[in-house]
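Coordinate analysis (summary)
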Amino acid sequence: MVESIAIQSVPFMSKKLPARSSDLPLLEKLWSEPVERYTLANGLTVLLKRDASAPVASVQVWVKTGSIHEGDNLGAGLSHYLEHMLFKGTERRAGREISATVQAHGGYINAYTTFDRTVYYIDLPSEHTGVAVDLLADAVLRSTLPAEEVTKEKEVILREIDMCLDDPDQRLGQALFETAFRTHPYRQPIIGHRDVFAATTRDDLVAYYRARYVPNNLVLVITGDFDPAATRAAIAEHFGKAPRLRLAPVLVPDETAQLARRDQHLFEDVQVSRAGLGWQIPGLTHPDAPALDMLAMVLGHGDSSVLWQTIREKNRLVHSIDAMAWSPGTSGLFYVSYLADPDKRLAAEQAILRELARVAEKGISTKALAKAVRQAVTAEVNMRKTMSGQASRLGASEVVVGDINYNRTYFQRLFALTPAILRRVMQTYLVPQNLTVVSSNPKDSAAPMVKSVGQENASLDFEEIRLPNGARLLLQPNHQLPNLHLRLAFAGGPMFEPAGRRGLTTLLSTLLSKDTARRSAEAVALAIEAVGGHFSDFAGNNSFGLAAEVLPGDTDLALELMADAVLRPSFKPARLEIERESSLAALKESLDDVVTVGRKKLREKFFGAHPFAVESGGDEAGLTAMKVADLRALHRSLVVAGNAVLAVAGDFDAKKLVPKLKAFLAKLPKGSAPKVQAGLTVVAGDFSETQPRQQAIVFQAFPGPGLLAPDYEVSEVADELFSGMSSHLFERVREEKSLAYFVRSSRIVGLETGMFYFYAGTSPQRYEEVIAELNLEVARVQQGGVTAEELQRCQTRLKAGKRMGMQTNSARAMQAGLNAIYRLPVNDWRTYDARIDKVTLVDIQAFAQKYFQLTQRVQVVVKP
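In this report, the structure presented in the accompanying data block is examined. As the structure is a prediction and not an experimental result, all values here were calculated from the model.

Here is what the cut-offs are and how they apply
- Residues numbered from 1 in each chain as written.
- Predicted model: local features only at pLDDT ≥ 70, side-chain atom pairs only at ≥ 80, totals over all residues.
- Heavy atoms only, no water.
- Helix = DSSP H or I, 4+ residues; strand = E, 2+ residues; numbered from the N terminus.
- Rg over C-alpha atoms; globule rule 2.2 N^0.38 Å.
- Buried < 20%, exposed > 50% of the residue type's maximum accessible area, 1.4 Å probe, protein only.
- Areas by Shrake-Rupley, 256 points an atom, 1.4 Å probe, with all protein chains shown as cover.
- Lys, Arg positive; Asp, Glu negative; His and termini not counted.
- Charge placed at Lys NZ, Arg CZ, Asp CG, Glu CD.
- Phe/Tyr/Trp six-rings, centres within 6.5 Å; stacked < 30°, edge-to-face > 60°.
- Lys NZ or Arg CZ within 6 Å of the ring centre and 35° of its normal.
- Pairing = 2+ DSSP bridges.
- Axes fitted to C-alpha atoms, helices over the stretch in contact; angles between N-to-C directions.
- Contact = heavy atoms within 4.5 Å.

**Remarks on the overall build of the protein**
Helix and strand counts for the protein stand at 31 helices and 22 strands. Taking 864 residues into account, the globule formula puts the C-alpha radius of gyration at 29 Å, and the protein, at 27 Å, falls close to it. Counting only C-alpha atoms and orienting by the principal axes, one finds that the protein spans roughly 65 × 65 × 60 Å. Expressed as a percentage of the 864 residues in the protein, the buried residues total 60%. For the protein, the exposed area adds up to about 33,000 Å²; of that, 53% sits on carbon and sulfur atoms. Taking the average location of the 100 positive side-chain charges in the protein and that of its 99 negative ones, the two points are 4 Å from each other.

In structure tokens form, the structure reads like this:
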């Protein structure tokens, strides 16, 4: 029954799509928010947007240069190389001083490189905006590119390139771009070809830096609760004094017209087939760009999309499928990607092409187009949830398009779309002669290839209401943004699952979001996607549940879908088989990632008979053994009033909504979650795992405290101590010795117990050196070697991270809901800073001595 919800059987006449009356005012309000744009005398462009809704700021420098601008060095990855080098030292600062200063002020610093731009950004408490301006100006305009650091960082990037070569998704993406583009520099990897990059010199890097990193090629974007006058003064002081310099144009050749289908099929060490179909399309500023975006939405965005329903649900040929229109500059790709069993890959390709031909002939329904437009409206709203998101939107409009008001033009074109226009662009661009097909397949599946045919400060506190049946309701009104998030959480996870049924909670949460007694999975997806909303499940080590996010006018629909899901699930056997297959395919896919393979092995060895030995997604044996009866039994046990917390955050009228929420929760069956407990006995040992990869991954695991332990906050500080670019471990292993591309710590946490582990990616020849360095770092902390400066950095970073992590309604609802489920204070954010500040150097030393004992260490090395 998936035939024609989004497709009608006859072509449509050119009837204009009516915009929802409530959508345009929402967008007009957002577009009317003032943005100050001015240009310094040296040519640098400045964009300032003040937003007092949260006391944070995002400061971003957009350099109008990327991998396609590297000229004679095309394919060397100089743009990405520079991105790594700009925090290594300036005329005023030593390299480590930059990241240390950011973290000392509670900030987060990072950068990224694309084909056409390189972006450096700092997110931090807004009172320190001037610090970020100073640091970024210093790094971007006055870096010294020390020779020693250039050499060290080359080794780090070579490890990063090896990681990309180990990643089948990265390999498939490169295959697509080098096949679809023959003349455009998009065919070159952003990070560079390994051999070409290895041959670059410091002189190459310095010449590129001096040619492209000039004020008249920069855009500075700042959003947040900053002081405008002080910020303008800081910009003039730190950016304005640099002189305008010569900026030679870089010729970027247009892609020549494709005249026939192109194929590239890889056969390699993977478990499942990944494949994609791409067609060349024009760039973002082309009048057809909005129509192509909406076509991608209709065809492959969400569970109610045409291809999902036909190829996955009806034909059962793929485990996942989606579509996107990628159009960054003057040319781009319309791309359909899917994951399939190797023996179904070709059949899936043929079915996709048949379905696209059918849609091109029959047309797109007005209803399907309206759904896609609504999703675009919602995305426009969601981009503004954080200061960083707002800055990114402004930067892209200025740098990529050249007009900060382009969003308004885009939506004017979008609201003028008709089904006939979508049909026209489909018949224009998605044609056989423009098609490129790529795939990545297991080696043993190789076979002859056959060609197919006015803002307010909102309170962060949640009000808690406990219903007579034990259910809890958490409320946080916030009218800052027309957005509403509902999150229903239950205690659950491996601890509540029968032995031999690992992954049952995750599969239960997935099926809750699908078929109900009132709606099919398709109807659920169609209903929520038609209003541009999201309805999804979540599951982890200690909890599971459902989440819905909509515009305020669609609250009743979100609540109705959530109520149907938990009160009237159908648990259809056919649906169980579909999602079981998808989960098993995801397990196979995860085995293509060497870090994931190692982490699975580490959990198995560390936790032993404890339920946490298997990830919350389950294992093959457990998923294969599951029956509908198992799902119903777990549902009866856990989906009860005494185990339920509903957290609601966003734009709502409490007087109107609370009675509806109470009525829903009152219908939950009475009862509480069963009491569960599992002891943990760690058997120390050193283990190795052989994988056909180019890198080695080292893991070291120790027992750690649970969420309810009195020293849990100490573990938070310890985890931060060993992580981040300014940590002693990172500086020693990566910066000084160039032993690893990444090195850090992490945790797997239950309520009563947990695992604290270190991991690093290195070369097979040097993993023993990495192990020695990890041992030295543990000994340093056990002997009291942590400095007061290190501790303060960690505390500042954690407190700032908590603040920045509470910007969105979804994040706040998730945090409050899980706190309630875990028997923690709902509004524990109020005391978080004090608890973190209470951690002392003595606490850190005692923590390391207590937990990091060799007699309890489990070590796993994954190597070729």
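**Thoughts on the packing of aromatic side chains**
All chains considered together, the criterion is met by 35 aromatic pairs. Geometrically, the ring pair formed by Tyr108 and Tyr121 is tilted, given 6.4 Å between the ring centres and 50 degrees between the ring planes. One end of the pair, Tyr108, is in strand S4 (residues 108-113); the other, Tyr121, is in strand S5 (residues 118-125), with 13 residues separating them in the sequence. Residue classification places Tyr121 among the buried positions, given a relative accessible area of 16%. Both rings, one in Phe758 and one in Phe852, keep their centres 5.7 Å apart while their planes meet at 70 degrees; by these two values the pair is edge-to-face. Residue Phe758 is located in strand S21 (residues 753-762), and its partner Phe852 is located in the loop between helix H31 (841-851) and strand S22 (858-863); the two are separated by 94 residues in the primary sequence. A residue is classified by how much of its surface remains accessible, and Phe758, at 1% relative accessible area, is buried. For Phe852, a relative accessible area of 4% gives the class buried. The structure contains a cluster of three or more aromatic residues connected by ring pairs, namely Phe702, Phe722, Phe756, Phe758, Phe847, Tyr851 and Phe852. When the ring centre of Tyr832 is taken as origin, the NZ or CZ atom of Lys802, which lies over that ring, is 4.5 Å away.

**Some thoughts on the sheet that holds S21**
Read from one edge of the open sheet, 5 strands run S18-S22-S19-S21-S20, paired in mixed fashion. What marks the edges here is a single partner per strand, and that holds for strand S18 (685-690) and strand S20 (740-749). Geometrically, the sheet is characterised by an average inter-axis angle of 15 degrees between neighbouring strands, direction not taken into account. Summarising the sheet, S20 and S21 pair through 9 bridges and their orientation is antiparallel. The partner of Ala740 across the bridge, within S21, is Thr762.

**Some remarks on the environment of Tyr208**
Its location among the elements puts Tyr208 in helix H8 (residues 202-212). Tyr208 sits in the buried class, given a relative accessible area of 6%. Sequence separation between Tyr208 and Glu70 is 138 residues; the distance between their C-alpha atoms is 7.6 Å. Once residues within four sequence positions are removed from consideration, Tyr208 is found in contact with Thr65, Gly66, His69, Glu70, Leu78, Ser79, Leu82 and Tyr213.

**Focus: the sheet that holds strand S12 (residues 463-466)**
One open sheet accounts for 6 strands, arranged S12-S13-S17-S14-S16-S15; its pairing is mixed. Pairing within the sheet leaves two strands with one partner each, and these edge strands are S12 and strand S15 (534-539). Geometrically, the sheet is characterised by an average inter-axis angle of 15 degrees between neighbouring strands, direction not taken into account. As judged from the 8 bridges shared by strand S14 (residues 484-491) and strand S16 (residues 543-550), these two strands associate in the antiparallel manner. Note on S16: the bridge partner recorded for Phe490 is Phe544. Strands S14, S15, S16 and strand S17 (644-650) of the sheet are contacted by helix H19 (residues 555-567), whose axis makes an angle of about 155 degrees with S16.

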